[in-house]
Amino acid sequence: MSNQNFRPKVNKYVYVAPEILNNLTFGLEMDLLQNIKFLLILLLLSACKSDNKEAEITFTAEGIEIPVDYASGFSLTDFGDFKLVVVKDPWPDAGRSFTYVLAEKGAEIPSSLKYDQKITIPVKNMVVTSTTHVASLEILEEEETLTGFPGLDYISSQRTRQNIAEGKIRELGQNEILNTEVLLDLQPDVVIGFSIDGGNKSLNMVQKSGIPVVLNGDWTETSPLGKAEWIKFFGAFYNKIDEASSFFEDVEQDYLEAKTLAGLAKNRPTVLSGAMYKDQWYLPAGESWQARFIRDAHADYLFSNTGGSGSLSLSMENVLAEAQDADFWVGPAQFHSYNELQQASPHYQKFSAFQERNVFTFSSEKGETGGVIFYELGPVRPDLVLKDLVSIFHPYLLPDHQTTFYKPLE
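In what follows, the accompanying structure is described. Sequence order as written defines the numbering, with residues in each chain counted from 1. This being a predicted model, a pLDDT of at least 70 is required before a residue's local features are given, and a value of 80 or more before pairs of side-chain atoms are given or counted; all residues contribute to the totals for chains, interfaces and linings. Excluded from the side-chain calculation are hydrogens and water; included are all heavy atoms of the structure.

### Notes on the pattern of salt bridges
Phase 1 of the analysis: Within this document, salt bridges are pairs made up of a side-chain nitrogen of Lys or Arg and a carboxyl oxygen of Asp or Glu, the two lying within 4 Å of each other. Inspection of the entire model under this criterion finds 12 salt bridges.
Phase 2 of the analysis: Note that R96 and D116 form a salt bridge whose closest N and O atoms lie 3.3 Å from each other. A residue pair is termed long-range when its members are at least 10 positions apart, and R96 in the loop between β3 (82–88) and β4 (97–104) and D116 in the loop between β4 and β5 (117–121) qualify at 20 residues.
Phase 3 of the analysis: For R96, a relative accessible area of 7% translates into the label buried.
Phase 4 of the analysis: We call a residue buried when its accessible area falls under 20% of the maximum for its residue type, exposed when it is over 50%, and partly exposed in between, using a 1.4 Å probe and counting protein chains only. A relative accessible area of 22% places D116 in the partly exposed class.
Phase 5 of the analysis: The salt bridge involving K168 is made with E166; its shortest N-O contact spans 3.1 Å.
Phase 6 of the analysis: Its relative accessible area of 39% is what places K168 among the partly exposed residues.
Phase 7 of the analysis: Through salt bridges with shared partners, a single network forms among E144, E166 and K168. Starting at the N terminus, helices and strands are each numbered in turn, a helix being any DSSP run of H or I of at least four residues and a strand any DSSP run of E of at least two.

### A closer look at the sheet that holds strand β15 (residues 311–314)
Phase 1 of the analysis: In space, the 3 strands of this open sheet follow the order β12-β13-β15, with antiparallel pairing throughout. Edge positions in the sheet fall to β12 (275–277) and β15, since each of these pairs with one other strand and no more. Pairwise comparison of adjacent strand axes, ignoring direction, gives a mean angle of 35° for this sheet.
Phase 2 of the analysis: The pairing criterion for strands is at least two bridges between them, as found by DSSP. One ladder, built from 3 bridges, connects β12 with strand β13 (residues 280–284); its direction is antiparallel. For M276, the partnering residue across the bridge sits in β13 and is W281.
Phase 3 of the analysis: Strands β12, β13 and β15 of the sheet are contacted by helix α11 (residues 316–323), whose axis makes an angle of about 105° with β15. Axis lines are fitted to C-alpha atoms, over the contacting stretch for helices. Their N-to-C directions set the angle, which ranges from 0 to 180 degrees. Contacts are residue-level and defined by heavy atoms, with any inter-residue pair within 4.5 Å sufficient.

### Describing the pairing of β5
Phase 1 of the analysis: Burial along β5 is one-sided: Q117, I119 and I121 are buried, while K118 and T120, pointing the other way, are not.
Phase 2 of the analysis: The pairing of β4 with β5 spans 5 bridges and is classified as parallel. In the sheet register, V101 faces β5, and the bridge partner there is K118.

### Quick notes on the sheet that holds strand β8 (residues 170–171)
Pairing between sheet strands relies on hydrogen bonds along the backbone, with the strands arranged either parallel or antiparallel.
Phase 1 of the analysis: Judged by pairing direction, the sheet is parallel, and its 5 strands sit side by side in the order β8-β7-β6-β9-β10 without closing on themselves. The open sheet terminates on both sides in strands that have one partner only, identified here as β8 and β10 (213–215).
Phase 2 of the analysis: Alignment of strand β6 (residues 126–128) against strand β7 (residues 146–149), held across 2 bridges, turns out to be parallel. Bridging from a neighbouring strand, M126 pairs with L146 of β7.

### Considering helix α3 (residues 131–139)
Phase 1 of the analysis: A large share of α3 lies buried, amounting to 9 of its 9 residues.
Phase 2 of the analysis: Buried within α3 are the following residues: T131, T132, H133, V134, A135, S136, L137, E138 and I139.
Phase 3 of the analysis: Once α3 ends, the next one or two residues include E141, with phi positive near 60°.

### Quick notes on the layout of surface pockets
Phase 1 of the analysis: Throughout, the protein atoms alone are placed on a 1 Å grid, and a set of points is a cavity if a 1.4 Å probe fits but cannot get out or a pocket if it is open with protein on both sides within 12 Å along at least five of seven lines; lining residues have an atom within 4 Å of a point. Grid points are joined across faces, edges and corners, and a volume is the space filled by probe spheres set on the points. Put simply, the largest pocket is a space of about 1300 Å³.
Phase 2 of the analysis: What lines the largest pocket is a set of 47 residues, among which K227, W289, Q290, F374 and Y375 lie closest to the centre.
Phase 3 of the analysis: Those elements that provide at least two residues to the lining of the largest pocket are α3, β13, α10 (289–296), α14 (373–377) and α15 (382–393).
Phase 4 of the analysis: Of all the elements, α10 adds the most residues to the lining of the largest pocket, at 4 residues.
Phase 5 of the analysis: Tallied by class, residues from the lining of the largest pocket come to 24 nonpolar, 19 polar and 4 charged. Gly is placed with the polar residues, together with every amino acid not listed as nonpolar (Ala, Val, Leu, Ile, Met, Phe, Trp, Tyr, Cys and Pro) or charged (Asp, Glu, Lys and Arg).

### Some words on the environment of M316
Phase 1 of the analysis: Following the sequence through the fold, M316 ends up in helix α11.
Phase 2 of the analysis: For M316 and D279, which are 37 residues apart along the polypeptide, the C-alpha to C-alpha distance reads 7.6 Å.
Phase 3 of the analysis: If sequence neighbours within four positions are ignored, M316 has contacts with M276, W281, S345, H347, Y348 and F351.

### A short note on the packing of α10 against α15
Phase 1 of the analysis: As a packed pair, α10 and α15 sit with axes 9 Å apart at the nearest point and diverge in direction by 50°. Taken together, the axes of α10 and α15 lie oblique to each other. Crossing handedness for the pair α10 and α15: right-handed. Facing α10, whose interface residues are F293, I294 and D296, α15 presents P382, V385, L386, L389 and F393.
Phase 2 of the analysis: Among the residues forming the contact of α10 with α15, the class breakdown is 7 nonpolar, no polar and 1 charged. Comment on the angle field: the value is read as roughly parallel under 35 degrees, roughly antiparallel over 145, roughly perpendicular from 65 to 115, and oblique elsewhere. Crossing handedness: left-handed means the near helix sits turned counterclockwise from the far one by under a right angle, and right-handed means the same turn made clockwise.

On their own, these measurements won't tell you what the molecule is for.
So, in structure tokens, the structure goes:
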């Protein structure tokens, strides 16, 4: 499946939000910056210190701050021939930020600017470590710059799979155990990684070798639009912030239109999610990305009052007591059919959603090597995810919608 086919098609409104109006002078300000580059450097304001040797941001100047309205994990400022990307708390409770300088060749970087890594842009050779990163590169039409990835079989997109088949992208093992020998041989301009707890030894080793490593924290976002807005983060590496922003604005508009439409529904069905693994039922916590989708689709997630943005681990008895009569069951883990559910546990048959055949899965839509398309494309196309759920919970609102990710259990 090609991500190129999934650019939003929405009507353009005349309305321009105030925060966008404030940036209509972007081109004029950029010209001014080029002519009087860095003569407006102000006095040092402050230094941020941490026990983790966090880079101290002591430079301030008249840069153009790129609007980031939903994502809480990064900020982006454009100074003309270089950009500052600050990634905040890239893993839960990180307690620190990372500052990255993305500079064009010949850019003059003020000596007062302290940072964690410097990367020359536009990037020509990149390694990424998550399938959501692959989707972002394709949206920006930069998949040809991808030269290495850990776990090639997880990639679903036809465009990138073609590059894999042609030997343009090399296998790098696993995210936590990268094949550093192959990676060092590739000599990428940058590795876009992520860390669960800040202790990724493979990434630390790569960085010590002289290859810049940039941490991406899109996976920690709890807002569907917040996850999608990280496309601007990737746009900065290719001098394609405008293209990234335009794409995101289309997704945002499409998402908000679907949410507004869902609000017209006459009822709010009750919803269950997740499934058993061994003796525990794993399901989204009440403040999670998945729970937000259900709420925005005008439905009641029966575990929405639980704290946390990750997952819950409950007993079958607890889930049955709370959600036996749920109208719908979405995202039942890896299961594709009612027969699989029944064979895994006869207790699944006790749920009304099972009995009424109202169980829907996103794991049945896969690429040619088994990668689940939802995990790759869903985070950057939350509008499509929301439309799927609205059409399932309130079919009369979107009678002609063909779902992209969620399909009825067989």
